[in-house]
Amino acid sequence: MTEPMEIGRRVVERLRSSYDDVAVLLRTRDKVMVKLWNTEPSIAQSWLTTEVALLLTKSKRVVILGFSVSSPEEVFKAVENISGIVERVEESELYAPLPEPLEVRPVEGMFDPGLVHAMNDPGPLTWKIIDAALSQGVEKVAGALTLSRELRTLVTSKGFEGGEEKTYVETYLRAFKGEFSGHWAYGSSHINEYEIRRVGVRAGMYATITNSKADLQPGRYDVVLSPLVVGNLMNYVSFMSSALAVLMGYSMFIKYRPGERIASEKLTLVDTPRDPTLPNATSFDDEGVPTYDKPIIERGVFRNLLHNSGTASKLGVQSTGNSGWLMPTAWNLRLEPGNLDEEELASELRNGVIITNNWYTRLQNYVEGVFSTVVRDAALLVKDGEIVGDVGRVRIAMSFPELLSNVESLSKDVYDIKWWEVQTPIKAPYILVRNANLTKPHM
Amino acid sequence: MSFDEGLLMWLVDEGSALGASYVEARYQNDYGLTVALRNGRVLGVASFKEEGVGIRVLVDGSLGFAATNDLRREGLREALDKAVSRARSMASLRRRPIQFTEEKVGRTSYEILTRVGLGDVTVESLMGLGKEVYETLVKLINQVKLPVCTFEARTHMQEKVIVTSEGARVRSRVPRMSLSANLVLMHPQKGTLQRMKDFESSGGGELLKEWRPVETLAEEVKDLEVVLVRGVEPPREPVDVVIGSEIVGLLVHESAGHPMEADRILGREAAQAGESYVKPDMIGRFRIGSELATVIEDPTIPGSNGFYLYDDEGVPARARYLYKEGFINEALHNRHTASIFGTRSNAAARAMNYASEPIIRMSNTYLKPGNMSFEELIEGVDVGVFMKSYMEWNIDDIRWNQRYVGLETYMIRNGELAEPIRNPVLEVTTQGFYSNVMAVDKELKFYPGTCGKGEPSQGVPVWFGGPDVKLSKVRLGVSA
């Protein structure tokens, strides 16, 4: 099969005379996932794929193609099929010429040869996670272990050529004991057996931390949110910080300007493409712009929307190196830690609920940031500093501006989280939020 | 469809020779075009094509899947080898071997015929429609502003060829059209209101007229303007609540469809979308609601979004009664879960694309309608609430505790719709809802959705629907 860089060069060379801008992005993946249910594998899935995406512009008209092919000839055939369309499309209000190439400083350390070796037989690693949870006395586990190797290649008609090879591991486990369950997750560019075992240990710990149920009446409570919950909610904040989300009405940031206070001064959320330990690290974005780490929110102040060249041009600013051709996106996230250890944070809570996992976050109104999310796994009622039982599947229902403003403390330890409900990897601490609205069914 | 079926048959033979007791080779090609506009101006056009082969094997009682878009013989062979070897390497971690039921499988081909083929749907017509929507809505409103009106139109052709070691040979071709709009209405004192509206069906370009999207969105925006400007808080005391078919459809999808997926009941999705409140011994015995609680799942509805005639294991599709007259009745099965339950597959295996394993999915799910009109449904309500549409919703991971926040919502006074109200919250348990169904009208309507499930997550097109439903004495909440 032709090498990706060679495919990119040939495509750009062939098409550059017909279009103002051409960019070719190729992703070649070798990936394996073992899925677990009832403490045994349900399926081992493997993918060997090459995806080609093509950006073509002509007279400010923008066409994007995405297809799965394995040779330049197939790319040319696909382009031929849509060639008439470009002339018939109207000018895009988000058109900007592809940027001139700048020097790209590589992000080192994104590739783990040991991870590639483990892909040949993921069984032993899978067993380590299961065993770690079973050692906590749980009855059964479910989860997934994914190991992936990816080559990402970008060639543009402005002369940018870049390629990066990286690896990642993503694993999560849900452990059950009777009516109680616990969940933990881990995502990294490297295999770290201590961290991988800790997924099982933490899931088991939360499944067995109490064997009592506790009643909770709907109302306002102080809550500690685990890094899984923080990761899920900060994924929504980062999505809304995309300039396209603002333009398309999917963002509370439509109401704010950089420099405005929107959160507690304890809160700093950073887009971290240059953190090589997280799975989405990269040195250049999809337009070849060098990446850099930047705060979205810094000490409670809204600092940056995330831009590609098109949204930056539309809003009169510079690209932030977050292209997506249409949609700018965060690469990795970091919520800056605080200075408390986890016991101190729980002690500061005193009375309230420790929420260890959530899912199904949905918004009534993105502009106002009004949302609810459903609690799952251990949700621990704390009275006078003691855990008195599990409150079950209640709901957090409030607005993001209120939640962000009510963050009072953060733990000093952070965890590398990526799982089904946290797609953008994040380093996140536990956080203490005052006065969160918790609800449950009326009938 | 030009793909050589002989390659799939070769894969099946090679997989069997490697020791697989079951081999399923599926060629799938999904392709189409998307046009996106914002406030009547074009953002861009995207063309997509996902073409490849997914191979599933059963080896020593262990299941393996591999996908590739390298359609040369050596590329397919490499994928097959990975599927077999990795399934075999996991076999030692299994306590019980996975087994499939024997089924009568299809040897056939089918396709949806269109009056206007997807290839004849022009970019100009889609852009024109997006502009017409924006220009119409902007002219229509006078008390609020419309700062954002996004519009997306999409064509999607799905072609499949399925070959299994047990003799299935099924070719299918299903075209789909979809439109979606995101509208933000803004008032300087009353704040904002957001509506996302989708149209999606199997069929061709003729749907663009049949849906009447401009008129439908115009009617909604006029009504929503009134809700934003004049809406008041919902009543605090318990009242009769009439739930519109849009919410009923979503509700039955979430609280009848998902909990009746047999893989979920058995725990296969436990770490992702969760388990089910339904346990195997409840099927056929447990009363979940009133006699009006009959929920049907039917992939064979012509023109539906979730349409198929054979599932991705080659089993012929039919209607399934998930809840029947208040009882939990029939789960959705593939050949694996049917084997564990000691029953037969009812053809619920679907895959999003070539790179996805077939798993148990819904297709078109709806609550059985009744005989009365909407006017008859509300005529006996002295003080109540009618929730017509929603934005926010969610449900817990066992499909018991759910929440729907009303968008276009009205008081009912003396049997008639009265003043609008804002953001009432219906937060109920599954049994709480189905047990409180007092009456249903005859207005069966369907709404499109993309249902997410699986790891990696697979979004598949579905319809959900129902009539309007009356509940007795419900205490509503108020959104934050």
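Residues numbered from 1 in each chain as written. Chains lettered and ligands numbered in written order. Predicted model: local features only at pLDDT ≥ 70, side-chain atom pairs only at ≥ 80, totals over all residues. Heavy atoms only, no water.

1. Considerations on the overall build of chain B
Right, on to step 1. The helix and strand inventory of chain B stands at 10 helices and 25 strands.
Right, on to step 2. The C-alpha radius of gyration of chain B comes to 24 Å, within 12% of the 23 Å expected for a compact globule of 480 residues.
Right, on to step 3. Its C-alpha atoms give chain B principal-axis dimensions of roughly 70 × 55 × 35 Å.
Right, on to step 4. Relative to its 480 residues, chain B shows a buried fraction of 67%.
Right, on to step 5. In chain B, the share of contacts with a sequence separation of at least 24, taken over all contacts with a separation of at least 6, comes to 74%.
Right, on to step 6. The average position of the 58 basic charges and that of the 66 acidic charges among the side chains of chain B differ by 2 Å. (Helix = DSSP H or I, 4+ residues; strand = E, 2+ residues; numbered from the N terminus. Rg over C-alpha atoms; globule rule 2.2 N^0.38 Å. Buried < 20%, exposed > 50% of the residue type's maximum accessible area, 1.4 Å probe, protein only. Contact = heavy atoms within 4.5 Å. Lys, Arg positive; Asp, Glu negative; His and termini not counted. Charge placed at Lys NZ, Arg CZ, Asp CG, Glu CD.)

2. Let's talk about the overall build of chain A
Right, on to step 1. Each helix and strand in chain A was counted, giving 10 helices and 21 strands.
Right, on to step 2. With the C-alpha coordinates aligned to their principal axes, the bounding extent of chain A is approximately 70 × 50 × 40 Å.
Right, on to step 3. Long-range pairs, those at least 24 residues apart, make up 73% of the contacts in chain A between residues at least 6 apart in sequence.
Right, on to step 4. Looking at chain A as shown, the accessible area adds up to about 15000 Å², and 47% of this sits on carbon and sulfur atoms.
Right, on to step 5. Taking the average location of the 48 positive side-chain charges in chain A and that of its 57 negative ones, the two points are 3 Å from each other. (Areas by Shrake-Rupley, 256 points an atom, 1.4 Å probe, with all protein chains shown as cover.)

3. Here we look at the domain arrangement of chain A
All names here are of chain A.
Right, on to step 1. Each domain of chain A was delimited in the assignment, giving domain 1 (4–207) and domain 2 (211–439).
Right, on to step 2. When each unit is reduced to the centre of its C-alpha atoms, the spacing between domain 1 and domain 2 is 23 Å.
Right, on to step 3. Taken together, the 50 residues of domain 1 in the interface contact 48 residues of domain 2.
Right, on to step 4. Here domain 1 and domain 2 share an interface that buries about 4000 Å² over both sides, 61% of which is from carbon and sulfur atoms.
Right, on to step 5. Counting the contacts that link domain 1 with domain 2 gives 6 salt bridges.
Right, on to step 6. The shortest N-O distance in the salt bridge between K314 and E93 comes to 2.7 Å.
Right, on to step 7. Here domain 1 is connected to domain 2 by 23 residue pairs in polar contact (both at pLDDT 80 or more).
Right, on to step 8. At the level of secondary structure, the elements contributing two or more residues to the side of domain 1 that touches domain 2 comprise β1 (21–37), β2 (40–58), β4 (140–156), β5 (161–177), β6 (180–188) and α5 (193–208). (Domains from an automatic or database assignment. Buried area = accessible area lost by both parts, 1.4 Å probe. Salt bridge = Lys/Arg side-chain N within 4 Å of Asp/Glu carboxyl O. Polar contact = N/O pair within 3.5 Å; in protein donor to acceptor, adjacent residues only side chain to side chain.)

4. Some thoughts on the packing of aromatic side chains
Right, on to step 1. Scanning the entire structure with this criterion turns up 25 aromatic pairs over all chains.
Right, on to step 2. When the ring of F3 of chain B is compared with that of Y27 of chain B, the centres are 4.2 Å apart and the planes differ by 5°; the resulting orientation is stacked. Here F3 of chain B is found in the segment before α1 (5–17), whereas its partner Y27 of chain B is found in strand β1 (residues 22–38), with 24 residues between them in sequence.
Right, on to step 3. Its relative accessible area of 10% is what places F3 of chain B among the buried residues.
Right, on to step 4. What links up through ring pairs into an aromatic cluster is the set W359, Y360 and W420 of chain A together with Y390 and W393 of chain B.
Right, on to step 5. Just above the ring of F76 of chain A sits the side chain of R14 of chain A; from NZ or CZ to the centre is 4.1 Å. (Phe/Tyr/Trp six-rings, centres within 6.5 Å; stacked < 30°, edge-to-face > 60°. Lys NZ or Arg CZ within 6 Å of the ring centre and 35° of its normal.)

5. Let's talk about a negative patch on the surface
Right, on to step 1. Judged by side-chain charge, E375, E376, E379 and E443 of chain B come together as a negatively charged surface patch.
Right, on to step 2. Residue position: E379 of chain B is located in the loop between α9 (374–378) and β15 (383–387). (Patch = residues over 30% accessible without salt bridge, like charges linked within 9 Å, V, L, I, M, F, W, Y side chains within 5 Å.)

6. Structural notes on the domain arrangement of chain B
All names here are of chain B.
Right, on to step 1. On domain assignment, one finds that chain B holds domain 1 (5–230) and domain 2 (239–478).
Right, on to step 2. Once you take the C-alpha centre of each, domain 1 and domain 2 turn out to be 21 Å apart.
Right, on to step 3. Tallying the contact residues gives 54 residues for domain 1 and 46 residues for domain 2.
Right, on to step 4. Together, the buried faces of domain 1 and domain 2 total about 3900 Å²; carbon and sulfur atoms form 52% of this surface.
Right, on to step 5. Where domain 1 packs against domain 2, one counts 5 salt bridges.
Right, on to step 6. Here R344 ties to E103 by a salt bridge, and the two come within 3.1 Å at their closest N and O atoms.
Right, on to step 7. At the level of secondary structure, the elements contributing two or more residues to the side of domain 1 that touches domain 2 comprise β1, β2 (41–59), β3 (62–68), β4 (107–111), β5 (145–164), β6 (169–187), β7 (191–202) and α5 (213–230).

7. Notes on the pattern of salt bridges
Right, on to step 1. Enumeration according to the criterion identifies 74 salt bridges over all chains in this entry.
Right, on to step 2. A salt bridge links E336 of chain A to R334 of chain A; the shortest N-O distance between them is 2.7 Å.
Right, on to step 3. According to the relative accessible area criterion, R334 of chain A is partly exposed, its value standing at 24%.
Right, on to step 4. When the shortest N-O distance is used, the salt bridge between K49 of chain B and E51 of chain B registers 3.8 Å.
Right, on to step 5. For K49 of chain B, a relative accessible area of 27% puts it in the partly exposed group.
Right, on to step 6. Owing to a relative accessible area of 15%, E51 of chain B belongs among the buried residues under this scheme.

8. Focus on the side chain of R152 of chain A
Residue and element names in this part refer to chain A.
Right, on to step 1. Position of R152 relative to the elements: it lies in strand β4.
Right, on to step 2. Within the structure, the side chain of R152 is placed 2.9 Å from the backbone oxygen of F284, a separation counted as a polar contact.
Right, on to step 3. Those residues in contact with R152, other than ones at most four positions away along the chain, are L25, L26, R27, G162, G163, E164, T282, F284, D285, D286 and W331.

9. Some remarks on helix α2 (residues 72–88) of chain A
Residue and element names in this part refer to chain A.
Right, on to step 1. Under the 1.5 Å per step criterion, the end-to-end length of α2 is 25 Å for 17 residues, consistent within 8% with the ideal 24 Å.
Right, on to step 2. Its maximal kink placed at I82, α2 deviates by approximately 45°.
Right, on to step 3. All of the buried residues in α2 are P72, V75, F76, A78, V79, I82, I85 and V86. (Expected span 1.5 Å × (residues − 1). Bend = angle between axes of the 7 residues up to and from the residue.)

10. Section: the environment of S356 of chain B
Residue and element names in this part refer to chain B.
Right, on to step 1. With respect to the helices and strands, the residue S356 is situated in the loop between β12 (349–350) and β13 (359–360).
Right, on to step 2. For the pair S356 and G117, spaced 239 residues apart in sequence, the C-alpha to C-alpha distance is 27 Å.
Right, on to step 3. Dropping the residues within four chain positions of it, S356 is found in contact with R26, F65, A351 and Q458.

11. Comments concerning the sheet that holds strand β8 (residues 269–271) of chain A
Residue and element names in this part refer to chain A.
Right, on to step 1. In spatial order, the strands read β10-β9-β8-β11-β20-β19; together these 6 strands make up an open sheet with mixed pairing. What marks the edges here is a single partner per strand, and that holds for β10 (301–302) and β19 (415–419).
Right, on to step 2. Bridge analysis of strand β9 (residues 294–298) against β10 gives 2 bridges, and the strand direction is antiparallel. Each bridged residue has a counterpart across the sheet, and for E298 the counterpart in β10 is V301. (Pairing = 2+ DSSP bridges.)

12. A look at the nonpolar core
Nonpolar side chains tend to gather and get buried jointly when the protein is soluble and globular.
Right, on to step 1. Judged by nonpolar contacts, the single largest core of 156 residues is most densely connected at L225 and F253 of chain A together with Y434 of chain B.
Right, on to step 2. Excluding its chain neighbours within four sequence positions, the residues that come into contact with Y434 of chain B are L251, V252, S255, A256, I288, G289, S290, A293, V295, Y323 and L367 of chain B.
Right, on to step 3. Y19 and V69 of chain A together with L146 and V221 of chain B belong to the second-largest nonpolar core, a separate cluster that totals 74 residues. (Core = buried A, V, L, I, M, F, W, Y, C linked by side-chain atoms within 4.5 Å.)

13. A few points about the packing of helix α3 (residues 123–140) of chain B against α5 of chain B
Residue and element names in this part refer to chain B.
Right, on to step 1. The interhelical angle for the contact between α3 and α5, taken along N-to-C directions, is 30°, at an axis separation of 10 Å. When the axes of α3 and α5 are compared, the pair comes out roughly parallel. The handedness of the crossing between α3 and α5 is right-handed. Contact residues: L129, E132, V133, T136, L137 and L140 in α3; P213, V214, L217, A218, V221, K222 and E225 in α5. (Axes fitted to C-alpha atoms, helices over the stretch in contact; angles between N-to-C directions. Parallel < 35°, antiparallel > 145°, perpendicular 65-115°, else oblique. Left-handed = near helix turned anticlockwise from the far one by under 90°.)

14. Overview of the pairing of strand β10 (residues 320–324) of chain B
Each regular strand shows side chains that alternate between the opposite faces of the sheet.
All names here are of chain B.
Right, on to step 1. Two strands pair when backbone bridges link them, and strand β9 (residues 295–297) and β10 are joined in this way by 3 bridges, in the antiparallel orientation. Each bridged residue has a counterpart across the sheet, and for I296 the counterpart in β10 is Y321.
Right, on to step 2. Across 2 bridges, β10 lies against strand β11 (residues 327–328) in antiparallel orientation. Residue Y323 lies in a different strand from β11, and its bridge partner there is I328.
Right, on to step 3. Between β10 and β11, which follow one another and run antiparallel, lie 2 residues, and E325 among them has a positive phi close to 50°.

15. Structural notes on the pairing of β9 of chain A
All names here are of chain A.
Right, on to step 1. Relative to β9, β8 runs antiparallel, the two being bridged by 3 bridges. In the sheet register, V270 faces β9, and the bridge partner there is P295.
Right, on to step 2. Between β9 and β10, which follow one another and run antiparallel, lie 2 residues, and R299 among them has a positive phi close to 45°.

16. What to know about the interface of chain A and chain B
Right, on to step 1. Across the contact, 88 residues belong to chain A and 98 residues belong to chain B.
Right, on to step 2. Summing the contributions of chain A and of chain B, the shared interface buries around 7900 Å²; its carbon and sulfur component is 52%.
Right, on to step 3. Counting across the interface, chain A meets chain B through 11 salt bridges.
Right, on to step 4. Residue E93 of chain A is joined to R41 of chain B by a salt bridge in which the shortest nitrogen-to-oxygen separation is 3.9 Å.
Right, on to step 5. Linking chain A to chain B there are 62 residue pairs in polar contact (both at pLDDT 80 or more).
Right, on to step 6. Tallied by class, residues from the side of chain A that touches chain B come to 46 nonpolar, 22 polar and 20 charged.
Right, on to step 7. Pairing of strand β3 (residues 61–68) of chain A with β2 of chain B, which is carried by 5 bridges, proceeds in the parallel orientation. Paired with V63 of chain A across the two strands is V45 of chain B, which belongs to β2 of chain B. (Nonpolar A, V, L, I, M, F, W, Y, C, P; charged D, E, K, R; others polar.)

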